[in-house]
Amino acid sequence: MTNIDTLYDKVVLKNPGEKEFHQAVKEVLDSLKPAIEKHPEFSKAKVLERIVEPERQLMFRVPWTDDNGEIHVNRGFRVQFNSAIGPYKGGLRFHPSVNLGIIKFLGFEQVFKNSLTGLPMGGGKGGSDFDPKGKSDLEVMRFCQSFMQELFRHIGPDTDVPAGDIGVGGREIGYLYGQYRRIRNEFTGVLTGKGIEWGGSLIRPEATGYGCTYFVEEMLKDRGTDFKGKIVTVSGSGNVSQYTTEKVNQLGGKVVTLSDSAGYIYDPDGVSGEKFDYFLELKQKRRGRIKEYAEKYNVDFFPNKRPWEVKCDIAMPSATQNEIDAKDAQTLVDNGVIAVGEGANMPSTLEAIDIFIKAGVSFGPAKAANAGGVSTSGLEMSQNSLRLGWTREEVDQRLHEIMVNIYKNSRAAAIKYGAPGNLVVGSNIAGFIKVARAMMAQGIY
Ligand code: NDP
């Protein structure tokens, strides 16, 4: 039988310095132990040894010119992790912290997440250490064009279909798509998150935040409760945070915090109504900082802090990886948190997850709770193939059904493999089994 601890040590040795990748592999491998015991055929076929190694990893130079004519050079990445159940699918992240280890952790997670959605999508991820913050539209455009000038040869609607992530929203997808179309002379569904006038899907911008909220709603149902009257802390103020806030408001909860890398705001009356509209306008149109919300509505801003010290019923981390450590988790538990829904990818450290699970908090891990974004990207791919556009209600209903199914499947797998209530174990096993079977059926690759 594959020895999980030995395999993990090998991954660390072979991928030095990639600490986020090590962390993601450890979480998955540890929770797969019961599945590996039950299925000796996976060990014989060395499925785990193969699944931790990306099928292909690309790194490339991205030169671009700023508005003053100065030349800059960034690094581009695309890691095509696993295509056993469909074309590689996963976002592009533009952020100065991006390195190969971060892209690999995101790509690895994406393999299991995409499998969980029930749609035919493999896993991949990409991006660059380029920082769009403070750049003009034309600088962002020149960067995106240069990035696509290399990426185009590695992607395609049946090969690899990137989407957005941190720092990559509708504007960036537009510039990337324009350049792909120009080089290939093809109008195809090669990217998702496109504008609604040129092949995009309704609800795609909202999907990750709405989906995560639907997932938490299911966890709450199992505890015999719902969002009504609950105090919710949200971190981040980007795409996922915005639509998490909107859906929580619709379901009767109250979002009292938002943040960015400079600190968090605390609005005890809730970010709703006119204040929510201002928040959207601030982030989507003016690309401003969350501190301006505090100045406008005379609420507190806590510089360089994270919102987990605020007492809440539900926490929905929606900014970035490792934003909840063991100390934050303990504070949340001591303050009576009953549910945590991970909108961001890997926002809780392994120690933090342990604290939540031991305390009996309903914990929705990222690869299940935030799978609404990629699910709706999958729906965008279907609409592109069919040359059809579904209504808002239709897409939202499908998204809702997918999130309920992900919850049910993760919950059932946790029970079947001896860890009832542990959705980390459940979602990892449920996502893994399908990919493992597909890999076995397709021979040694
Ligand atoms: P955005 O770029 O729209 O927003 C990111 C937000 O997180 C910003 O408020 C940003 O603040 C904050 N943030 C980013 N890095 C840091 C950091 N190192 N420390 C503190 N705050 C930080 O990204 P998204 O909302 O799209 O993504 C947020 C998370 O959700 C990511 O983990 C992403 O992988 C995940 N996700 C996104 C999906 C999607 O569909 N967009 C799908 C599934 C997961 P600042 O402006 O100061 O940088």
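Computed from a prediction, not measured in an experiment: that's the story for all the values here. (Residues numbered from 1 in each chain as written. Predicted model: local features only at pLDDT ≥ 70, side-chain atom pairs only at ≥ 80, totals over all residues. Heavy atoms only, no water.)

### Quick look at the overall build of the chain
Cut-off, in case you're wondering: The way it works is that DSSP assigns letters per residue, a run of H or I at least four long becomes a helix, a run of E at least two long becomes a strand, and they are numbered from the N terminus. Radius of gyration: over C-alpha atoms. The globule rule applied is 2.2 Å multiplied by the number of residues raised to the 0.38 power. Only protein chains enter the accessibility calculation, which uses a 1.4 Å probe; a residue whose area is less than 20% of its type maximum is buried, one above 50% is exposed, and one in between is partly exposed. Residue contacts follow a heavy-atom distance rule, with two residues in contact if any of their heavy atoms lie within 4.5 Å. Per-residue and other accessible areas follow the Shrake-Rupley method at a 1.4 Å probe size, with only the shown protein chains counted as cover for residues.
Assigned secondary structure in the chain consists of 17 helices and twelve strands. Relative to a compact globule of 445 residues, whose C-alpha radius of gyration would be 22 Å, the chain shows 21 Å and is just as compact. With respect to the principal axes defined by its C-alpha atoms, the chain has extents near 60 × 55 × 45 Å. Looking at the chain as a whole, 58% of its 445 residues qualify as buried. The long-range fraction of contacts in the chain, counting pairs at least 24 apart against all pairs at least 6 apart in sequence, stands at 71%. Accessible surface, the chain as shown: approximately 17,900 Å² in total, 50% of it carbon and sulfur.

### Examining the site of the ligand
Put simply, the rule is: Think of it this way: one heavy atom of a residue within 4 Å of a molecule or strand is enough to make that residue near it. Side-chain atoms alone can form a polar contact between residues adjacent in sequence; in general such a contact is a pair of N or O atoms within 3.5 Å, and within protein one must be able to donate a hydrogen while the other accepts it. Three categories are distinguished: nonpolar for Ala, Val, Leu, Ile, Met, Phe, Trp, Tyr, Cys and Pro, charged for Asp, Glu, Lys and Arg, and polar for the others, with Gly belonging to the last.
Inspection of the region around the ligand gives 24 residues, with Asp-165, Thr-208, Ser-261, Arg-289 and Asn-345 positioned closest. For the ligand, an oxygen atom lies 2.9 Å from a polar atom in the backbone of Ser-237. Compared with its free state, where it exposes 890 Å², the ligand has 83% of that area covered by protein. Elements with a contribution of two residues or more to the shell around the ligand: α9 (239-250) and β7 (254-260). A per-class count over the shell around the ligand returns four nonpolar, 14 polar and six charged.

### Side note on the pattern of salt bridges
Rules: Salt bridge, as used here: a side-chain nitrogen of Lys or Arg that lies within 4 Å of a carboxyl oxygen of Asp or Glu.
Per the stated rule, a full pass over the model turns up 30 salt bridges. Here Lys-33 makes a salt bridge to Asp-5, at a shortest N to O gap of 3.8 Å. Taken together, the residues Lys-33 in helix α2 (residues 19-38) and Asp-5 in helix α1 (residues 4-14) connect sequence positions 28 residues apart. Exposure remark for Lys-33: the relative accessible area of 30% places this residue in the partly exposed category. Residue classification places Asp-5 among the partly exposed residues on the basis of a relative accessible area of 43%. A salt bridge links Asp-226 to Lys-228; the nearest nitrogen and oxygen atoms lie 3.5 Å apart. According to the relative accessible area criterion, Asp-226 is partly exposed, its value standing at 31%.

### So, empty space enclosed by the protein
Any empty space left between the atoms is revealed when a probe the size of a water molecule rolls over them. Threshold: Cavity: a set of points on a 1 Å grid over the protein atoms alone where a 1.4 Å probe fits but cannot get out. Pocket: an open set with protein on both sides within 12 Å along at least five of seven lines, its lining residues, like those of a cavity, having an atom within 4 Å of a point. Grid points are joined across faces, edges and corners, and a volume is the space filled by probe spheres set on the points.
All chains considered together, the criterion is met by one cavity of 30 Å³ or more. Taken as a whole, the largest cavity spans an internal volume of roughly 40 Å³. In terms of lining, the largest cavity is formed by Glu-27, Glu-109, Glu-342, Met-346, Ser-348, Ile-353, Pro-365, Ala-366 and Lys-367. Of the residues in the lining of the largest cavity, the class split is four nonpolar, one polar and four charged.

### Remarks on the confidence of the model for the chain
Spelled out, the test is: Summary of the metric used: pLDDT quantifies the predictor's per-residue confidence within the range 0 to 100.
In this model, the chain carries a mean pLDDT of 97, and residues with pLDDT of at least 70 account for 100%. Mean pLDDT values over the elements of the chain span from 95, in helix α3 (residues 40-44), up to 99, in strand β10 (residues 314-316).

### Observations regarding the side chain of Glu-217
When you line up the elements, Glu-217 lands in helix α8 (residues 207-222). Setting aside residues no more than four positions away along its own chain, Glu-217 makes contact with Phe-227, Leu-251 and His-400.

### Let's talk about the sheet that holds strand β9 (residues 300-303)
Just so we agree on the cut-off: The rule for pairing is simple: two strands pair if DSSP sees at least two bridges between them. Helix axes use the C-alpha atoms of the stretch in contact, all axes being lines fitted to C-alpha atoms, and the angles between their N-to-C directions lie in the range 0 to 180 degrees.
Pairing is mixed in the open sheet, where seven strands are placed in the order β9-β8-β7-β6-β10-β11-β12. Strands with a single pairing partner mark the edges of an open sheet, and in this sheet they are β9 and β12 (362-364). Here the strands of the sheet are splayed against their neighbours by 15° on average, with no regard to which way each runs. Here four bridges tie β7 to strand β8 (residues 263-266), and the two strands are oriented antiparallel to one another. By the bridge assignment for β8, Asp-260 is matched with Gly-263.

### Remarks on the pairing of strand β4 (residues 123-128)
For a regular strand, the rule is simple: side chains alternate between the two faces of the sheet. Definition in use: The definition of a right-handed crossover adopted here requires that, viewed with the strands pointing away, the path from the first strand over the helix to the second runs clockwise.
Burial analysis of β4 places six of its six residues in the buried class, which makes it a mostly covered element. As paired elements, strand β2 (residues 71-82) and β4 share six bridges and run antiparallel to each other. Paired with Asn-82 across the bridge in β4 is Gly-123. Strand direction decides the pairing type here: strand β3 (residues 88-94) and β4, joined by three bridges, are parallel. Across the sheet, the residue bridging to Phe-94 is Ser-128, located in β4. Where the polypeptide runs from β3 across helix α5 (residues 100-116) and back to β4, its parallel neighbour, the crossover connection is right-handed.

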